[in-house]
Amino acid sequence: MSRTSILVVNASERELRSLEVRFPGRTCRYEYVAPQAEAQCEGRANGDGYVEVSYRFDEGAELGVFSTKYVNPTLGWRGSMLLRPDGTIEATRGR
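Everything quoted here is computed from the prediction, not taken from an experiment.

**Things to note about the packing of aromatic side chains**
And then number 1: A complete count under the given rule lists 2 aromatic pairs for this structure.
And then number 2: With 5.2 Å between their ring centres and 70° between their planes, tyrosine 50 and tyrosine 70 make a pair best called edge-to-face. Of the two residues, tyrosine 50 sits in strand S5 (residues 49–56) while tyrosine 70 sits in strand S6 (residues 63–71), which places them 20 residues apart along the sequence.
And then number 3: Aromatic pair tyrosine 55 and phenylalanine 57: ring centres 5.7 Å apart, planes at 75°, arrangement edge-to-face.
And then number 4: Lying across the ring of phenylalanine 57, arginine 14 places its NZ or CZ 3.8 Å from the centre.

**What to know about the sheet that holds strand S4 (residues 38–43)**
And then number 1: In spatial order, the strands read S4-S1-S7-S8; together these 4 strands make up an open sheet with mixed pairing. Two strands close off the open sheet at either side, each with one partner strand: S4 and strand S8 (89–93). Across the sheet, the mean angle separating the axes of adjacent strands is 20° when strand polarity is ignored.

**Description of a positive patch on the surface**
And then number 1: Together, Arg3, Arg26, Arg44 and Arg78 make up a region of like positive charge exposed at the surface.
And then number 2: Within the fold, arginine 44 resides in the loop between S4 and S5.
And then number 3: Take arginine 44: its relative accessible area is 42%, and that puts it in the partly exposed class.

**Overview of the sheet that holds strand S3 (residues 26–33)**
And then number 1: With antiparallel pairing, 4 strands are arranged side by side in an open sheet as S3-S2-S5-S6. Each edge of the sheet is formed by a strand with only one pairing partner; in this case those strands are S3 and S6. On average, each strand axis in the sheet is tilted by 15° relative to the strand beside it, whichever way the strands run.
And then number 2: By the bridge criterion, 6 bridges tie S5 to S6 in an arrangement that is antiparallel. When the sheet's bridge partners are listed, glutamate 52 is paired in S6 with phenylalanine 66.

**Details of the state of the cysteines**
And then number 1: Under the definition given, this model contains 1 disulfide.
And then number 2: Each sulfur of the disulfide joining cysteine 28 and cysteine 41 lies 2.1 Å from the other. Taking the sign of the torsion about the S-S bond as the criterion, the disulfide between cysteine 28 and cysteine 41, at about 75°, is right-handed. Separated by 13 residues along the polypeptide, cysteine 28 in strand S3 and cysteine 41 in strand S4 bring together distant segments of the chain.

**Quick word on the nonpolar core**
And then number 1: Ranked by internal contacts, the top residues of the largest apolar core, which has 21 residues, are Ile6, Leu16, Leu19, Phe23, Val51, Tyr55 and Met81.
And then number 2: Among the secondary structure elements, those contributing two or more residues to this core are strand S1 (4–10), strand S2 (16–23), S3, S4, S5, S6 and strand S7 (78–83).
And then number 3: Top element by residues in this core is S2. It accounts for 4 residues.

Thresholds, definitions, all that
The numbering scheme is per chain: residues are counted from 1 as the chain's sequence reads. pLDDT decides what is reported in this predicted model: residues at 70 or higher carry local features, side-chain atom pairs at 80 or more are listed and counted, and totals for whole chains, interfaces and linings draw on all residues regardless. Values shown for side chains rest on all heavy atoms present in the structure; no hydrogens or waters enter the calculation. Think of it this way: a Phe, Tyr or Trp ring, Trp meaning its six-membered ring, pairs with another when their centres are within 6.5 Å, and the plane angle makes it stacked under 30 degrees, edge-to-face over 60, tilted otherwise. Each helix corresponds to a stretch of at least 4 residues labelled H or I by DSSP, and each strand to a stretch of at least 2 residues labelled E; elements are numbered beginning at the N terminus. Whether a charge lies above a ring is judged from NZ of Lys or CZ of Arg, which has to be within 6 Å of the ring centre and within 35 degrees of the ring normal. Each pair of strands is called paired provided DSSP finds at least two bridges between the two strands. Axes here refer to lines fitted to C-alpha atoms; in helices the fit is confined to the stretch in contact. Angles between the N-to-C directions go from 0 to 180 degrees. Candidates for patches are residues over 30% relative accessible area with no salt bridge; among them, like charges are joined within 9 Å and nonpolar side chains (Val, Leu, Ile, Met, Phe, Trp, Tyr) within 5 Å. For every accessible area listed, the method is Shrake-Rupley and the probe measures 1.4 Å; residues are considered covered only by the protein chains on display. Here, a salt bridge means any side-chain nitrogen of Lys or Arg that lies within 4 Å of a carboxyl oxygen of Asp or Glu. In this tally Asp and Glu are treated as negative and Lys and Arg as positive; neither His nor the chain ends contributes. Charge positions come from single atoms, namely NZ of Lys, CZ of Arg, CG of Asp or CD of Glu. The classification of residues rests on relative accessible area computed with a 1.4 Å probe and restricted to protein chains. Under 20% of the type maximum is buried, over 50% is exposed, and intermediate values are partly exposed. Only a pair of cysteine sulfur atoms within 2.5 Å counts as a disulfide in this structure description. The definition of a nonpolar core used throughout is a set of buried Ala, Val, Leu, Ile, Met, Phe, Trp, Tyr and Cys residues joined through side-chain atoms within 4.5 Å.

Right under this line is the structure:
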């Protein structure tokens, strides 16, 4: 079984009140993520599915972004995700 390892970089230029990274079988939660800070989410997927990132600024409702990165128990996925100022995610494979 292959491990999934996702590094999320907050390039939104604002502090995040909360950040959540989910893939099948694993949820990683972080609070007060500073601009340019990194958060690492690792584990083994227990099923097939996509990576989902949700975040909240102090004054707003939770926002979510589904990535096109697919994970499963056999292949996993290793890469980085950059949360841009416009709220989109840029994903790159491998580190």
